[in-house]
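Analysis of the macromolecular model
These are the residues of each chain, in order.
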Amino acid sequence: MYPFGVDYYPEHWPPERWSQDAAMMQAAGMNVVRLAEFAWSRLEPQPDQYDFAWLDAAIEVLNRAGIQVILGTPTASPPPWVMEMHPDAFIVDASGVRRTYGCRREYCPTHAGYRERGRKVTQAMAHHYAEHPGVIGWQTDNEFGDYCYCELCRAAFHDWLMGRYGTLDELNAAWGTVFWSHVYTDWAQIPTPAGTGGVPNPALALDYHRFMSDTYVEFQREQVVILRAASTRQFITHNFMGFAYSKLDYYNLAADLDFVAWDNYPRLGFRMGAGVDPARLALGHDAMRGLKGKNFWLMEEQSGSGGWTTVGTTPRPGEIRLWTWQAIAHGADGMVYFRWRTARHGTEQYWHGVLDHDGRPRRRYREVQAIGHELAAAGERLLGAESYNEVALISDYNSRWAFQIQPNNSALAGPGAPADFVYPALVKHYYDALYAANVGVDVVSADADLSPYKLVIAPALYILPQDVATSLTEFVKTGGLLITTARSGVKDAANAVVDMPLPGLLRDVCGVEVDEYDSLPAGVTVPVTFEGLGAAQPSGPWCDVLEPTTAEVLARYDGEYYQGRAAITVNHYGKGRAIYVGTLAAPELERDIVNYALAEAGIAPVLETPDGVEAVLRCKDNDCLWFLLNHADEPRTVPLPFPALDLLNGRHLEDAVTIAPKDVLVLRQE
Ligand code: GLA
Ligand code: ZN
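Residues numbered from 1 in each chain as written. Chains lettered and ligands numbered in written order. Predicted model: local features only at pLDDT ≥ 70, side-chain atom pairs only at ≥ 80, totals over all residues. Heavy atoms only, no water.

Of the regular secondary structure elements, the protein chain holds 17 helices and 28 strands. Structurally, the protein chain occupies a C-alpha span of about 75 × 75 × 45 Å along its principal axes. Within the span of the protein chain, comprising 670 residues, buried residues form 59% of the whole. Contacts in the protein chain between residues far apart in sequence, at least 24 positions, make up 72% of those at least 6 positions apart. (Helix = DSSP H or I, 4+ residues; strand = E, 2+ residues; numbered from the N terminus. Buried < 20%, exposed > 50% of the residue type's maximum accessible area, 1.4 Å probe, protein only. Contact = heavy atoms within 4.5 Å.)

Written out as structure tokens, the structure reads:
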């Protein structure tokens, strides 16, 4: 049975309504709900006085309708009494302002008292529900995040630093604190990066990201330990926020969980007509699958217009279904929509669900119901199916944070000017090129095993520890094709600039040295001419002027004082090759490079499709399924290289098929 359902808040509605909700869910083919992640005040109305009767009753109503339950630990939104008990548990933001009660996520993640309350309520829930046959799993907290800069966090940061560096001498050396006389003689002197009134030491700033990330990992682990001890039958997951969110090292947060779940809101744009970029959604799925190299769930998939104070664009007809099947194509093994019925009260009054405020079924309910029926028929065979991708794209939080601290090229671009250098945008450019070519990709961490891949793309691997450099070098030596770019190998793990020619530890494998670099002002580009590759493309906002040592030149600059100097090179190394793209360039240039590399590595698209139609291949044992997703607003015709069965409609297809706007086909070769 494919897990399919909604986020449900029975505590918001009279109990008399619950059975009607359950019946409507059942009629839509639903078999799972997530409950209780914001119900702390109902679960523990007074300190240590638990009330599970109402939740038991709601679960019973749902279970009777064939709907199983995932419970959220409620720590993302404490009741007032918790914060009254611990007034110093309110988070302090980067400007030094301490939050007050009244929204959510107001807690400091290091606060011992808050953590104890979190463990207690988790323990009580685990004790009550571990044996419950209708409760299949847990979600920890809700969308972990937000940094705190309070004095408790500062003290915890000191402990964390002691663990990392051991002695102050080590820390002072790694951070280079002699610069501006920051040499610390007592751990207690070390500040947080907030409130220094200027730009803090980049080494300190990077370590604060790592510390905050580790703190949430530890916060979550306390709950995971309790839940695991109570039950081995129930799974444990968390709802992540996709590729867009960068505050936590999601690889680490995922490590303690059974699988990753994430919250996908394709129409977060609050402007009517604002389009949806399907590649952005695909990257979200692939990045979340990559956290554990494993299929994942959608724990909140958009089913209505978003909105807290204003109302966003509602999903157009067919979009909920299209987004659902796109998620499945990329590895979703569960689909839970946010939310069942739109709330009448509170901050999220306008965050619409499957049902509107009045609880009546309309267009969005009918669309979800149609998906439910499709999944009841075809869903089982999709569970656990995988994509065996030949390309890996490295997405690295350490480099991402280091670029947040020092964007390298930025700041002056006004409205309409080309984007400054933004690391996730560069990753997305490379992703877009693969997406446009219908080539499947695994988004992986810098320390992932690269041996399954033919092509590895490592954009701007700015923080490059020795073990990552060794892994990339080994990958090339044993026959792989590597693409890396400007601003790779610039820094060591502590965020100090290396004392060797760039790209630092990658200069042997790339066979090139950066002679000098040029950071261009907003809007200025330098043309790059490919040797036998294609037309000239603009480059910028960053240009490395390259001096090949053993590499061949693929493209040269055609402007500026470095006219004629190498911009892109390729180097034979061992059995493989490494391409160095010396410019952080416009997407067109990155697309050309990717297409060149795909051809060189002999990587074929899943299927050739017209613009707007995404093709994804997933296989389970020998059962391979081709997903064709028409994101366009017009019908599109796709030539078929083989006769196929259309799984959702039971049609036999040959030669070509025309797909309606927003429609989806799942094909099996015949
Ligand atoms: C997030 C949260 C939900 C809800 C939605 C909509 O994804 O996890 O609780 O707030 O956003 O705002
Ligand atoms: Zn704090």
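Our focus in this paragraph is the packing of aromatic side chains. Going through the model one piece at a time under the given rule, you end up with 39 aromatic pairs. With centroids separated by 6.3 Å and ring planes inclined at 70°, the aromatic side chains of Tyr-9 and Phe-338 adopt a geometry described as edge-to-face. A residue pair is termed long-range when its members are at least 10 positions apart, and Tyr-9 in the loop between β1 (4-7) and α1 (15-27) and Phe-338 in strand β9 (residues 332-338) qualify at 329 residues. Taken individually, Tyr-9 and Phe-338 each receive the classification buried, so the pair is uniform in this respect. Plain terms: the ring middles of Phe-240 and Tyr-250 are 4.6 Å apart, the flat faces sit at 80° to each other, and that makes the pair edge-to-face. One end of the pair, Phe-240, is in strand β6 (residues 239-240); the other, Tyr-250, is in helix α9 (residues 250-255), and ten residues separate them in sequence. (Phe/Tyr/Trp six-rings, centres within 6.5 Å; stacked < 30°, edge-to-face > 60°.)

Attention now goes to the site of ligand 1. Taken together, Phe-38, Arg-104, Asn-142, Glu-143, Asn-239, Asp-263, Tyr-265, Glu-300, Trp-308, Phe-338, Glu-348 and Trp-351 make up the full set of residues adjacent to ligand 1. For ligand 1, an oxygen atom lies 2.8 Å from a polar atom in the side chain of Arg-104. A distance of 3.4 Å separates an oxygen atom of ligand 1 from a polar side-chain atom of Trp-308. Considered class by class, the residues forming the shell around ligand 1 number five nonpolar, two polar and five charged. (Near = heavy atom within 4 Å. Polar contact = N/O pair within 3.5 Å; in protein donor to acceptor, adjacent residues only side chain to side chain. Nonpolar A, V, L, I, M, F, W, Y, C, P; charged D, E, K, R; others polar.)

Protein coordination at the zinc ion (ligand 2): the donors are Cys-108 (SG), Cys-148 (SG), Cys-150 (SG) and Cys-153 (SG), at 2.2 to 2.3 Å from the metal. Relative to the metal, the four donor atoms surrounding the zinc ion (ligand 2) lie at angles of 98 to 117°, and the coordination shape comes out tetrahedral. Read N to C, the donor residues that coordinate the zinc ion (ligand 2) are spaced as C-x39-C-x1-C-x2-C. Taken together, the positions of Cys-108 in the loop between α4 (80-85) and α5 (112-129) and Cys-150 in the loop between β4 (135-139) and α6 (151-165) put the pair 42 residues apart, joining distant regions of the chain. Across the pair, exposure class does not vary: Cys-108 and Cys-150 are buried alike. (Donors = N, O, S within 2.8 Å, 3.2 Å for Na, K, Ca; no water. Tetrahedral: all angles 85-135°; square planar, octahedral: opposite > 155°, others 65-115°.)

Here we take up the sheet that holds strand β26 (residues 651-653). The strand order across the open sheet formed by five strands is β22-β23-β28-β25-β26, and the pairing between neighbours is antiparallel. In this open sheet, the two edge strands, each paired with only one partner strand, are β22 (613-620) and β26. Here the strands of the sheet are splayed against their neighbours by 30° on average, with no regard to which way each runs. Where strand β25 (residues 644-646) and β26 come together, three bridges link them in antiparallel fashion. Bridge pairing in β26 places Leu-645 opposite His-652. Taken strand by strand, helix α11 (residues 319-329) contacts β22, β23 (623-630) and β28 (664-669), and its axis lies near 145° from that of β23. (Pairing = 2+ DSSP bridges. Axes fitted to C-alpha atoms, helices over the stretch in contact; angles between N-to-C directions.)

Tallied over the full model, the rule gives one disulfide. Two residues, Cys-619 and Cys-624, share a disulfide whose sulfurs are 2.2 Å apart. In this structure the cystine formed by Cys-619 and Cys-624 twists about its S-S bond by roughly 110°; its chirality is therefore right-handed. Note on Cys-619: relative accessible area 9%, which makes it buried. (Disulfide = S-S within 2.5 Å.)

Attention shifts here to the confidence of the model for the protein chain. Predicted confidence across the protein chain gives a mean pLDDT of 95, with 97% of residues reaching 70 or more. Contacts from residues 412-419, a stretch scored under 50 in pLDDT, to residues over four places away or in other chains number seven contacts. (pLDDT = per-residue confidence, 0-100.)

Before going further, it helps to spend a moment on helix α17 (residues 587-601). Here α17 contains 15 residues, and its C-alpha end-to-end distance of 21 Å stays within 8% of the 21 Å for a straight helix at 1.5 Å per residue. Of all the positions in α17, only Leu-589, Glu-590, Asp-592, Ile-593, Val-594, Tyr-596, Ala-597, Leu-598 and Ala-601 are classed as buried. Just downstream of α17, Gly-602 is the residue with a positive phi angle, here 70°. (Expected span 1.5 Å × (residues − 1).)

For the structure on display, the rule yields 42 salt bridges. Across the pair Arg-321 and Asp-663 runs a salt bridge, and its minimum N-O distance is 2.8 Å. Placement of Arg-321 in helix α11 and of Asp-663 in the loop between β27 (656-659) and β28 is noted, with a sequence separation of 342 residues between them. Residue Asp-663 is classed as partly exposed on the basis of its relative accessible area of 23%. When salt bridges with common partners are traced through the structure, they connect Asp-7, Arg-34, Glu-37 and Glu-300 into a single cluster. (Salt bridge = Lys/Arg side-chain N within 4 Å of Asp/Glu carboxyl O.)

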